[in-house]
Each structure stands twice: as structure tokens, then as C-alpha cells.
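Chain by chain, the residues:
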Amino acid sequence: MAATMEKAAGMSNMLQFMKLIGQLKRVPRTGWVYRNVQKPESVSDHMYRMAMMSLTITDPTVDKDRCIKLALVHDMAECIVGDIAPADNISKEEKHRREEEAMRHLSGLLPEGLKQEIYGLWEEYETQSSPEARLVKQFDLLEMILQAHEYEELEGTSGRLQEFFDSTNGRFHHPDVLQLLSSLNEERGRSISKTQDAKTSSSSSSGSSQENTTIHNSS
């Protein structure tokens, strides 16, 4: 009887855990909100593609499974504290305190083994204490600028979100990440050039039209 009640309580806690992390599907990424991006992605959208980056990494020296777990856990606390951005003027220490408190609550809903694993993964990422944590941090930044590029394409505003790219300068080191970054920069560069050429062409056409109007009026 006691075992049955304990199991029921455990499942109730697990359900609460699943409901809480489900909130991540409804927490928008603050950086995009502040830049007036229409229909910004959620935190869980961001973490999903990071997990896919982890899954597709080709480096045999990397623990791929650990990278996937780190990607899925690293922003988990945001289901409670929200996505705190630098523009929110909250110190790193206070941000960490809030997220640590949230992670203790979240992991506390899980059985002991899982509790230790999930909290440990979050702490590992926060302290950047392993090669996998440092790689996943690069995925975090790469995913952000890939999303920025996609928003620029969707809006037809090439270059508008340059500040996100600037914030990542010098922060990529892994060869696989650098190759993806190179491909992204090449594609974005072509997109920006195409937009600039279109503007130049439009400006020339406008100038020619005005000149013709002037000649016509003069005659």
C-alpha cells in the first residue's frame, strides 16, 4: 500500500515536471522580442535545434549523447524564471541565483538518480567544466545567429540583426562549428549583397525617372 502511494506521488511529481517544462514552448526568446521580430521562436525551439546540432556533430572524440542532454537541459530553468536577456539589467549573479533556485525545484520533482543527473548537467553547462559543455555553448551561439539570418530572410531585411553576429566574434573554436559558421556567413553575405544590388538598381531607376520627368517638364 505504501509503495503504491509512493509511486502515485512520484508520478504526480513527474506530471508537474512535464507541465513545467512544457512552459518552454510558450516562453519567447527575449532577444527577438526586443528586436520586434514577428512570431519569435520559443526557448524549446532553440534547444531543439541545438540538440540536433549535437546529434549531427562528426567529431568522434565528443560524447554526442552528453551534448544532446546538455542542450536539452541548459535553458530548462527558463520555464520558471523566463528568458533573462542582458537588456533586462539583471546581474549575472542574480540571473544565476534565480536559475539555480528554479533548477533545484525542477530537479526536486524527479526520482533521486534523475534529480542528480539533470541538476548536474545544468551545473556542468553553467560552469563550462567539460569539453562537451564548451561545445554546446558554441552551438547555443551558432543556433542564435542562424536564427537571426533566417529572420532577416523572412523579413527581407538582410543585415538588420547584425548585432547578434557581432556578439559572437571570436567565440567559435570547434572545427565543425567553424565550418558551419563559414557556410552561414557565405550564404548571408550573398543575401546582403543581393539586397544592396537591388537597392542600388532601384535608386538608379528612381534617379533616371526623376531626370526624365525634369526634362519633360522643362520642354
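Rules used throughout
Residues numbered from 1 in each chain as written. Predicted model: local features only at pLDDT ≥ 70, side-chain atom pairs only at ≥ 80, totals over all residues. Heavy atoms only, no water. UniProt positions renumbered as here; feature names shortened; annotations may be inferred. Helix = DSSP H or I, 4+ residues; strand = E, 2+ residues; numbered from the N terminus. Contact = heavy atoms within 4.5 Å. Core = buried A, V, L, I, M, F, W, Y, C linked by side-chain atoms within 4.5 Å. Buried < 20%, exposed > 50% of the residue type's maximum accessible area, 1.4 Å probe, protein only.

Per an unreviewed UniProt entry, the recorded name for the chain is 5'-deoxynucleotidase HDDC2, and the organism is Xyrichtys novacula. Per its UniProt entry, the chain bears the Subunit (unreviewed entry) comment "Homodimer." For the record of the chain, the UniProt heading Function (unreviewed entry) holds the text "Catalyzes the dephosphorylation of the nucleoside 5'-monophosphates deoxyadenosine monophosphate (dAMP), deoxycytidine monophosphate (dCMP), deoxyguanosine monophosphate (dGMP) and deoxythymidine monophosphate (dTMP)."

## A look at the side chain of Arg188
Within the fold, Arg188 resides in helix α10 (residues 175–218). Those residues within four positions of Arg188 in sequence are excluded, and the remaining contacts are His149, Glu152, Gly159, Leu161, Gln162 and Phe165.

## Remarks on the nonpolar core
As a rule of thumb, nonpolar side chains are buried together in soluble globular proteins. Of all hydrophobic cores here, the largest spans 47 residues; its most connected members are Trp32, Met103, Val136, Phe139, Leu142 and Ile145. Only α3 (43–56), α4 (64–73), α6 (92–107), α7 (112–127), α8 (131–155), α9 (162–166) and α10 provide two or more residues apiece to this core. For this core, the leading source of residues is α8, giving 10 residues. Leaving out residues up to four positions away in the same chain, Trp32 has contacts with Val37, Pro40, Glu41, Met144, Gln147, Ala148, Tyr151, Leu161 and Phe164.

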